[in-house]
Structures are given as structure tokens and as C-alpha cells.
Amino acid sequence: MIKVEIPYTKMHGLGNSYIFLDLFSFSIEESELVDLAKKVSDINTGIGSDGLILIHPSEVAEVGMRIFNKDGSEGKNCGNGLRCVAKYAFENNLVNKSQFVIETRAGNVTAEVFLEEDIVEEVTVDMGQPTLNRQGIPMLGDDETVISEAFEVGHHPLELTAVSMGNPHAVFFVEDIDESPLYDLGPVITNDHRFPEGVNVEFIEMISETEMHFRVWERGSGVTQACGTGACAAVVASILNGYAQKDTEICVHLSGGDLFIKWAADDRVWMRGKAETTTTGTFYWKR
Ligand SMILES: N[C@H](CCC[C@H](N)C(=O)O)C(=O)O
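If you're wondering where the values come from, they're calculated on a predicted model, not measured in any experiment.

Draft legend 1. Inspection of the site of the ligand at higher detail. Around the ligand, the structure places 15 residues, and the nearest of them are Asn16, Tyr18, Glu218, Gly228 and Thr229. Asparagine 167 places a polar side-chain atom, nitrogen or oxygen, 3.0 Å from an oxygen atom of the ligand. Here threonine 229 contributes a side-chain N or O atom positioned 2.6 Å from an oxygen atom of the ligand. Coverage of the ligand by the protein chains reaches 100% of its 360 Å² of free accessible surface. Put simply, the parts of the chain that give the shell around the ligand at least two residues each are strand S2 (16-22), strand S4 (63-69), helix H2 (79-91) and helix H4 (228-240). The class makeup of the residues in the shell around the ligand is 4 nonpolar, 9 polar and 2 charged. Two domains each donate at least three residues to the shell around the ligand, and these are domain 1 (3-127 + 274-286) and domain 2 (134-267).

This is the structure in C-alpha cells:
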């Protein structure tokens, strides 16, 4: 049994929390990441979070981000994680400008940090273009877009809109967010065979053309307080269904707070929101 001391920073975006490792000053074996993600995420025997995020040197951007869910599965993108990575990178001098590129497994994004007395309070990220064709989600079936398509789950007739923000999202519109079948159907849909790589599941109640309620069952982490890529997917889905307009900032009320999302006329999705540091520490990992 070897005891390894792992320096970490815990951060969150609207309550969607992750344990961050700074690989600019610390290294860890690739083969250990899955177990470590599960271990640090555990509230009883670890630190407690929705997963693990690596901030790493990149050959194609100022910094790179990798994200692992609570179950150890690797996601390709993470909106709340990106805002936290941007805050960390700026405040820890990994970058020397307020606007910079972050490499993700889903491609590069551009982040801009906004300060209040030297502290990054808010971050805007250009999340790039959504992917709407079925095979790009990915989802089984012909390669069309999936907009309010009948999607039977058990005996529940639902209408699915599928969007990828580099990671897959199944978006469902409901009349009352508090009556959404998040806990009943979230765990079923996330593993539905029609999504060969699994899927993040969002339930949305439109309040107006510029405001919505949002709940999420995340692939690999379950119910979280917020999901940045999910909020982007929800806004894209609302516009595809005619409930909202492009080129307009839409307020998404997530359990943990508000994100402001715009699907611009050039097809790029912009996300604006807060990022916060909870604590730093040393994780004593016995392996
Ligand atoms: N569970 C997601 C990754 C985390 C995304 C979320 N926390 C966000 O803020 O976008 C997936 O497996 O695709």
C-alpha cells in the first residue's frame, strides 16, 4: 500500500463541483485517473464532488481540460468546468491574459475572465457550434436532426430533441419543472440503448422566450446542481422548437443558479456565468 499526497483545488460552477488537479506542477499516471476520479468524488471516503478535472499543459492552447464524471467515465466537455478552469488558470498565472483558448476533448474553446478586485467572478466561454445530426450526437437511426421526435421510455410518451455540445444531450420540454420525471426517467434515459455512448438528460420548462427552468440528470454523475453544456443544449433545443430566438441571451435557471446563454447568428453558442473556488488541500490517496 502506497500513500500518495495529491494537491487539489475544489471549485464549482453553480454548485456543479469538481476536484481540480493542476498538471502544470503535478503528474499522475493515465492508468490511475478513473479510480482517482471515483475516489475523490465520494463524499464519504473521498472529498465529495461531481467528478475530477485535470488542468494540463497543451500544445494547441494556453491550457487543456479533461473531465471525469463521478463514476470515472471521461466526458468530452464540461461548461461549468471550463469556467472554473479559466478562473484557476488566470488566478494562478498559468495564463497572462484575460482571454485565452482552452483545449478540450471536444475541441478548443475561447474563454474570457471578468475580474472584481483581482478575483475572477464571471467567465464567458464561446462553446462553438452545436452538432444536431443524429450520428453526431451520437444516436442510433438515420442521420437526420432530432427535434421533438416521439421517444417512448417505458410507458412514458416523451418528445426528444437531441443536441451535442461535444457531449450528448437529450432535451425534453415539460409543463411544470417540479413535476418532471427527473429521478424516475433520468437514470433510464441516460443508459438508453438508442444512445450508444450514453446521454445527459435535461428537462426544461419555458417561462418566456428569454427564460427557462432547467433540471439535469448527468451521464456519469446523476442529478447535479447545474450543467453548462446542458444549458447550452437546452437553449439550442428551445430555439429549434420555436420557443426562443437566436442571437438573444436567454436566462437558464438551474438548481444552483443562473447561466446566460446565446445561440448567435453565426451558429456559435456563448455561455456566461460564475465560477467559484471552494477550497484547496491535499488528498491522501492510499493505493
Ligand atoms: N456529464 C457530462 C460531463 C460534465 C458536463 C457538465 N457538468 C457541464 O457543466 O457541462 C458528460 O458525461 O458528458
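Draft legend 2. Seen up close, the packing of aromatic side chains. Summed over the entire model, instances satisfying the criterion amount to 4 aromatic pairs. Centre to centre, the rings of phenylalanine 151 and phenylalanine 172 are 5.9 Å apart; their planes meet at 50 degrees, and the pair counts as tilted. Linking phenylalanine 151 in strand S9 (residues 149-153) with phenylalanine 172 in strand S11 (residues 168-173), this pair joins segments that are 21 residues apart in sequence. Both residues of the pair, phenylalanine 151 and phenylalanine 172, count as buried. Through a chain of ring-to-ring contacts, the aromatic side chains of Phe151, Phe172, Phe195 and Phe203 assemble into a single cluster. When the ring centre of tyrosine 284 is taken as reference, the NZ or CZ atom of lysine 3 above it lies at 5.2 Å. The ring centre of phenylalanine 151 lies 3.7 Å from the NZ or CZ of arginine 194, which sits over that ring.

Draft legend 3. Representation of the domain arrangement of the chain within the structure. Domain parsing of the chain yields domain 1 (3-127 + 274-286) and domain 2 (134-267). At the interface, 19 residues of domain 1 touch 20 residues of domain 2. The three residues of domain 1 that bury the most area against domain 2 are Leu14, Asn77 and Met127, which together make up 37% of that side's buried surface. Remark: the boundary between domain 1 and domain 2 carries 1 salt bridge. In this structure, glutamate 197 engages lysine 76 in a salt bridge whose closest nitrogen and oxygen atoms are separated by 3.8 Å. Our count for the contact surface shared by domain 1 and domain 2 stands at 7 residue pairs in polar contact (both at pLDDT 80 or more). Elements supplying a minimum of two residues to the side of domain 1 that touches domain 2: S2 and H2. Counting residues per element, the side of domain 1 that touches domain 2 draws most heavily on H2, at 3 residues. A breakdown of the residues in the side of domain 1 that touches domain 2 according to their chemical character gives 5 nonpolar, 9 polar and 5 charged.

Draft legend 4. Region of the structure containing the pairing of strand S13 (residues 211-218). Across 7 bridges, the pairing between strand S12 (residues 200-208) and S13 is antiparallel. The partner of phenylalanine 203 across the bridge, within S13, is arginine 215. Hairpin connection from S12 to S13: 2 residues lie between these consecutive antiparallel strands. The pairing of S13 with strand S15 (residues 250-254) spans 3 bridges and is classified as parallel.

What counts and what doesn't
Residues numbered from 1 in each chain as written. Predicted model: local features only at pLDDT ≥ 70, side-chain atom pairs only at ≥ 80, totals over all residues. Heavy atoms only, no water. Near = heavy atom within 4 Å. Polar contact = N/O pair within 3.5 Å; in protein donor to acceptor, adjacent residues only side chain to side chain. Areas by Shrake-Rupley, 256 points an atom, 1.4 Å probe, with all protein chains shown as cover. Helix = DSSP H or I, 4+ residues; strand = E, 2+ residues; numbered from the N terminus. Nonpolar A, V, L, I, M, F, W, Y, C, P; charged D, E, K, R; others polar. Domains from an automatic or database assignment. Phe/Tyr/Trp six-rings, centres within 6.5 Å; stacked < 30°, edge-to-face > 60°. Buried < 20%, exposed > 50% of the residue type's maximum accessible area, 1.4 Å probe, protein only. Lys NZ or Arg CZ within 6 Å of the ring centre and 35° of its normal. Contact = heavy atoms within 4.5 Å. Buried area = accessible area lost by both parts, 1.4 Å probe. Salt bridge = Lys/Arg side-chain N within 4 Å of Asp/Glu carboxyl O. Pairing = 2+ DSSP bridges.

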